[in-house]
Amino acid sequence: MYAICPTIRVGLQIDKGVKKGYSVVEYEVLIRGRYRSWCATFKGEKMKILVVLGHPNPSQSFNRSVCETVMQTLGMMGHEVIFHDLYAEHFDPLMTYDETVKNGPIPEAIQPYIDEALSADGYVFIHPNWWGGPPAILRGYIDRVYRSGIVYSFGPNGVISRVVGRRAMVITTSNTPRDIEVSIYNDPLENFWKTVFFGMLGIDGDHFRHRNFESVIMSTHEQRVRWLEQTQQLTEKVFGS
Ligand SMILES: Cc1cc2nc3c(=O)[nH]c(=O)nc-3n(C[C@H](O)[C@H](O)[C@H](O)COP(=O)(O)O)c2cc1C
């Protein structure tokens, strides 16, 4: 059966008794148990949050579970969620030369994504670590949607961002242990999202949070349940009042 939360444009599969790897199905009880307290405590303004998932597995990945936990939490907080599963939508990540030129044309297929990005009050990106960065489909989404001259531009005093001060959360997963990711690779995901992308767009400090869950490949069921609880808490914190 499919349950549709009114503020979320996505269905959550609830097949009781059917084991689906470590998909969100197993954790539905956990989420529902907190519904009442969220409703009681949430007094903030309703926001429009753009959630973007970049993972090729349509239903069975831990990324998918994280994504659905985020969307349920946002929905229960009363926020409107705009969701893009880039693989499911067959998003074309190839930016053309025309798009790189100043004031170049905006492709018809990309304009709605840009409109959403500009009108959103907050952003959530969820993806696995692929060679120290997001999967190419998500990199392409960023290239084509958060375009120079549209989402940001350069003025006499530096970058002028049209999304400054909005809220953002990034949740990533990887297999490399944290100490190695930091000591050998210099924490590339944190650097990209915090400094290169959101930092430049004027979203930093209390408005931005990045959490990486590792090592997924060595994690237990209990560990993943805890990570989903942390996902829920972080979502509340970033997008709460
Ligand atoms: C093309 C590719 C590149 C990857 N590169 C890295 C990497 O650089 N560092 C790392 O820790 N894991 C890397 N991984 C492992 C993924 O991050 C890991 O499978 C994923 O986080 C697990 O989450 P999931 O269960 O939701 O798929 C890579 C996986 C693939 C397929």
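The structure displayed is predicted, hence computed values, not measured ones. (Residues numbered from 1 in each chain as written. Predicted model: local features only at pLDDT ≥ 70, side-chain atom pairs only at ≥ 80, totals over all residues.)

Asks: Teacher, can you tell me more about the sheet that holds strand 4 (residues 80-85) here?
Replies: Two pairing modes exist for strands in a sheet, parallel and antiparallel, and in both the strands are linked by backbone hydrogen bonds. Read from one edge of the open sheet, five strands run 4-3-5-8-9, paired in parallel fashion. Whereas interior strands pair on both sides, the edge strands pair on one side only; in this sheet they are strand 4 and strand 9 (208-214). Shown here is a sheet whose adjacent strand axes are inclined to one another by a mean of 10 degrees, direction ignored. The pairing of strand 8 (residues 167-174) with strand 9 spans seven bridges and is parallel. Each residue of the ladder has a partner; that of Thr173, found in strand 9, is Phe213. Sitting on the sheet, helix 9 (residues 221-239) is in contact with strand 3 (48-53), strand 5 (122-128), strand 8 and strand 9, with an inclination near 165 degrees to strand 8. (Pairing = 2+ DSSP bridges. Helix = DSSP H or I, 4+ residues; strand = E, 2+ residues; numbered from the N terminus. Axes fitted to C-alpha atoms, helices over the stretch in contact; angles between N-to-C directions. Contact = placed C-beta atoms within 7 Å.)

Asks: Sorry if this is basic, but what is going on with the packing of helix 3 (residues 62-76) against helix 9 here?
Replies: One way to put it is that helix 3 packs onto helix 9 with a least axis distance of 9 Å and a crossing angle of 40 degrees. On the basis of their axis angle, the class for helix 3 and helix 9 is oblique. Regarding helix 3 and helix 9, the two cross each other, and that crossing is right-handed. Where helix 3 approaches helix 9, its residues Phe62, Ser65, Val66, Thr69, Val70, Thr73 and Leu74 are matched on the opposing element by Arg224, Leu228, Thr231, Gln232, Thr235, Glu236 and Phe239. Of the residues that constitute the contact of helix 3 with helix 9, the class distribution is six nonpolar, six polar and two charged. (Parallel < 35°, antiparallel > 145°, perpendicular 65-115°, else oblique. Left-handed = near helix turned anticlockwise from the far one by under 90°. Nonpolar A, V, L, I, M, F, W, Y, C, P; charged D, E, K, R; others polar.)

Asks: Quick question: what am I supposed to make of the site of the ligand here?
Replies: By nearness alone, 14 residues border the ligand, and Ser61, Pro128, Thr173, Ser174 and Thr176 come closest of all. Of all the secondary structure elements, the ones that give two or more residues to the shell around the ligand are helix 3 and strand 8. Among the residues forming the shell around the ligand, the class breakdown is five nonpolar, nine polar and no charged. (Near = placed C-beta within 6 Å.)

Asks: What am I meant to see in the pairing of strand 5 here?
Replies: Side-chain direction in a regular strand flips from residue to residue, so the side chains alternate between the two faces of the sheet. In terms of burial, strand 5 is largely enclosed, as seven of its seven residues are buried. The alternating pattern of strand 5 places Gly122, Val124, Ile126 and Pro128 on one face and Tyr123, Phe125 and His127 on the opposite face, and all of these are buried. When strand 3 meets strand 5, the two strands line up parallel, connected through five bridges. By the bridge assignment, Val52 is partnered in strand 5 with Phe125. Of the pairings in the sheet, the one linking strand 5 to strand 8 comprises seven bridges and is parallel in character. Residue pairing across strands places Ile126 opposite Ile171, the latter belonging to strand 8. (Buried ≥ 20, exposed ≤ 12 C-beta atoms within 10 Å, placed from the backbone.)

Asks: Would you explain helix 3 in this entry?
Replies: Along an α-helix, residues three or four positions apart point the same way, because every turn accommodates 3.6 residues. Helix length check: helix 3 (15 residues) gives 21 Å between terminal C-alpha atoms against 21 Å at 1.5 Å per residue, within 8%. Gly78, located one to two residues past helix 3, shows a positive phi value of around 95 degrees. (Expected span 1.5 Å × (residues − 1).)

Asks: Sorry if this is basic, but what is going on with the nonpolar core here?
Replies: The nonpolar side chains of a soluble globular protein tend to be buried, and buried together. In this structure, Ile49, Val51, Val52, Val70, Val124, Ile126 and Tyr141 are the most contacted members of the largest nonpolar core, which totals 47 residues. The leading source of residues in this core is helix 3, at seven residues. If sequence neighbours within four positions are ignored, Val124 has contacts with Ile49, Val51, Val52, Val70 and Met169. (Core = buried A, V, L, I, M, F, W, Y, C linked by C-beta atoms within 7 Å.)

Asks: Teacher, can you tell me more about the confidence of the model for the chain here?
Replies: Should the pLDDT be low somewhere, the predicted coordinates at that spot are not to be read in detail. For the chain, per-residue confidence averages 86 on the pLDDT scale, and 82% of positions sit at 70 or higher. Below pLDDT 50 for its whole length, residues 1-42 participates in 61 contacts with residues either more than four positions away or in separate chains. (pLDDT = per-residue confidence, 0-100.)

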